[in-house]
Amino acid sequence: MADGSREQRAAMSSAQRMALQFGWSHRLSMILQTEAAECGLACLAMIASYHGHDVDLAGLRRRFSTSLKGVTLARVMTMAGQLGFTCRPLKLDLNDLAQLRTPCMLHWDLNHFVVLKRAGRRGAVIHDPARGIRKLSTREVSEHFTGVALELTPGADFAPLSERQAVSLRSLTGKVRGLVPALGQILLLALALEVFALAGPFYMQWVLDQVLVSADHDLLTLLGLGFLGITVFSALITAARSWAVTWLGATLNVQWASNLFSHLMRLPLDWFEKRHIGDVVSRFGSIQTIQQTLTTQFIGSLLDGLMSMVTLVVMGFYSLWLTVLVVGLFLAYGLIRWAFFNPLRRANEEQIVYAARQQSELLESIRGAMPIKLANKQDERLSRYANATVSTVNRGIGIQRLVIAFTLSNQLMFGLGRVAMIWIAATLALKSEFTAGALIAFIAYADQFTSRAAGLIDKWVDFSMLSLHAERVADIALTAPEPNVETAWNGPLPEASIELYNISFRYAESEPWVLRHCNLRIEVGESLAITGSSGCGKSTLAKIVLGLLAPTEGIVKFGGIDIRKLGLDTYRQWIGAVMQDDQLFAGTIADNIRFFDGDITPTKIEAAAWLAAIHDDIAAMPMGYQSLVGDMGSSLSGGQKQRVILARALCRRPRLLVLDEATSHLDMEREYHVNEALRCLKITKIVIAHRAETIRMASNVVSLRGGSIELVDEHSSVAPPNEAARGINEVTKD
């Protein structure tokens, strides 16, 4: 760190060194948190960026690990120290906020961090990574501020630098087929339209200056027929261009959405666990905004703007001074657009975040309808959703207020400019320096230029605004996929033994160890039960065995081969699992048992159902295996849902079966039948359970205590086959 800092400081400009020495302020950026509990990291990124260390959240996330439990003040200080900051934690009263060296971090609502931009007698301005920039009164600050602050000052090892990961359209969307030919076709059509548009004003000029003056009916007819043909061709080309843009938009939407969804499904499990579902849906939906902005008349508007330069040259031949006036109006429009850009960008950013929060409230309420009704919390959930909706609408109103102010300024400027332009042109016509036809043609060209050039600026602004959505999509597209999924391993089929070698795990560097130095070997065909108190790490251990979580230390071996060397894709072909939070999907029971795999026969589906003791329940349903399970299995009881999920795991014909409380919803009789069927399966089994009936099924029992594994019992597991296991051979054969 020290060596790197010296090299970076050596490369600093004199301006940067002076800024550090005298503490000159930079603009405090607003960085919104991506994960549910990374407010501390986002605050640190804002303050670091203010002092010249321009780093994005993705870069900090790669450097400092966090978890859903968030970070403590001590952990924030550790991370800040590694960035080169000198930390000064303070305990102070509300009246002392104005004396803090800003920007600094404030502890907020006992579970959140914000950045204080400035404070005064009337209140404070904060950058809230969860809600955006907020201006709060003293009373509002008092309701949230806990009295703890953290000042961060660049130390000797602090170095201004840029560590932002570049975001490109290709990285966001992946490879798109047929893009270049479609763009070329749209470009040619747009070019043809520009040629016709340039010819349009000449019609009025020639009619006024040539036809009316000489009363030439033949010339009038000729001009009429000629420009009639131009109008027809222009309309046909416009329709063709619109169809090409529509086709391109639909194609891009399908390919980009598919590419992004494919990448989404390859992300590691902890990525999903750290984010609210509404926020993920909102980020995924941003790809449509990008696609629509790039395809809906964007290419045409871009070409219109470029071709406006040709129009400007034509205008110059009519009148240089009038052309200067029109250019001045255009430059004024650009300045107004520039003045409104940053406020509009911040307003759009906040509106996107609040809309995602509103969507999360809606989805959570729909998913949790039953507990909400049981606890009579409908009014509370309504209040939460209404507040989220009001916040979203208020941000939308803020955007509209800016848009109305900009539109008013724009209309006043162009309206006054048009009056001035017509007055000057008419004055020139009275002096015989302008013909009536030239006046009409110049005004037409001026309208073309201003509308097209302004459209070019508008599209540039829209394109710049895409960075908001690009940053949100980048959280998906630029996140590294789950590692070690595919490898070049092509060896023989390994035996179904599992070995845990010195496994340790924790969710973040600042958190305690969940598992510590765990060693375990499970032989081929052996069944192992893992017991322990709730929260001791049993499910975490199961996820490590399944490759869903990577151990912080240690190795998991299958058949004596590191599962990372095997490749998780290959490894998971040989395993089946039933986890505590497993879900069913919309479709039939048969679809869910075979996991929508059309190659699995009804015989195998029924055999798996027999093993899971769910066949009789299914047969009693009016539609049998074609019965719909509802949304996430809502039409089934808890026990039926659990047994269908077990049948799904068995239908894969696994060589290793991992069950995490897989029979917790079953009555004792059903549990006995399921356990007896599983006992007869000649596959390796790992069972996490609390109930004695399930534990007795295992040949070995270990206990997880204090993050370590302890052997509890070992006994023989011999039982005769029974009716519940009559489909075993069909399900387990290779």
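Residues numbered from 1 in each chain as written. Predicted model: local features only at pLDDT ≥ 70, side-chain atom pairs only at ≥ 80, totals over all residues. Heavy atoms only, no water.

Chemist: What exactly am I supposed to notice about the overall build of the chain here?
Modeler: The number of helices and strands found in the chain is 26 helices and 18 strands. Looking at the chain as a whole, 47% of its 734 residues are labelled buried. Contacts in the chain between residues far apart in sequence, at least 24 positions, make up 75% of those at least 6 positions apart. Looking at the chain as shown, the accessible area adds up to about 36500 Å², and 59% of this sits on carbon and sulfur atoms. (Helix = DSSP H or I, 4+ residues; strand = E, 2+ residues; numbered from the N terminus. Buried < 20%, exposed > 50% of the residue type's maximum accessible area, 1.4 Å probe, protein only. Contact = heavy atoms within 4.5 Å. Areas by Shrake-Rupley, 256 points an atom, 1.4 Å probe, with all protein chains shown as cover.)

Chemist: Any chance you could explain unusual backbone geometry here in plain terms?
Modeler: Glycine aside, a negative phi is what most residues show, and trans is what most peptide bonds show. Between Thr 102 and Pro 103 the backbone carries a cis peptide bond, its omega angle lying at -5°. Along the chain, Pro 103 turns up in the loop between strand E2 (85-91) and strand E3 (104-108). In this structure, Asp 109 is a non-glycine residue whose phi angle is positive, near 55°. Assignment of secondary structure puts Asp 109 in the loop between E3 and strand E4 (112-120). For Asp 109, a relative accessible area of 36% gives the class partly exposed. Despite not being glycine, Phe 595 shows a phi value in the positive range, around 50°. Mapping Phe 595 onto the fold places it in the loop between helix H20 (589-593) and helix H21 (602-611). A residue is classified by how much of its surface remains accessible, and Phe 595, at 43% relative accessible area, is partly exposed.

Chemist: Would you take a moment to explain the nonpolar core for this structure?
Modeler: In summary, soluble globular proteins display a tendency toward joint burial of nonpolar side chains. The biggest cluster of nonpolar side chains holds 41 residues, and the ones touching the most others in it are Ile 589, Ile 593, Tyr 625, Leu 650, Leu 659 and Leu 678. When contributions to this core are tallied by element, the ones reaching two or more residues are H20, H21, helix H23 (638-651), strand E15 (656-660) and helix H24 (668-679). No other element matches the 7 residues that H23 contributes to this core. (Core = buried A, V, L, I, M, F, W, Y, C linked by side-chain atoms within 4.5 Å.)

Chemist: What am I meant to see in the pattern of salt bridges here?
Modeler: A side chain of one charge can pair with a side chain of the opposite charge if their charged atoms are brought near each other. For the structure shown, the criterion picks out 21 salt bridges. Here Arg 572 ties to Glu 482 by a salt bridge, and the two come within 2.7 Å at their closest N and O atoms. Taken together, the positions of Arg 572 in helix H19 (residues 568-572) and Glu 482 in the loop between helix H16 (436-477) and strand E9 (498-505) put the pair 90 residues apart, joining distant regions of the chain. Given a relative accessible area of 16%, Glu 482 falls into the buried group. Put simply, Asp 562 and Arg 564 hold a salt bridge, and the shortest N to O gap is 2.8 Å. The exposure class of Asp 562 is buried, given its relative accessible area of 17%. The network of salt bridges with common partners includes Glu 361, Glu 364, Arg 381 and Arg 384. (Salt bridge = Lys/Arg side-chain N within 4 Å of Asp/Glu carboxyl O.)

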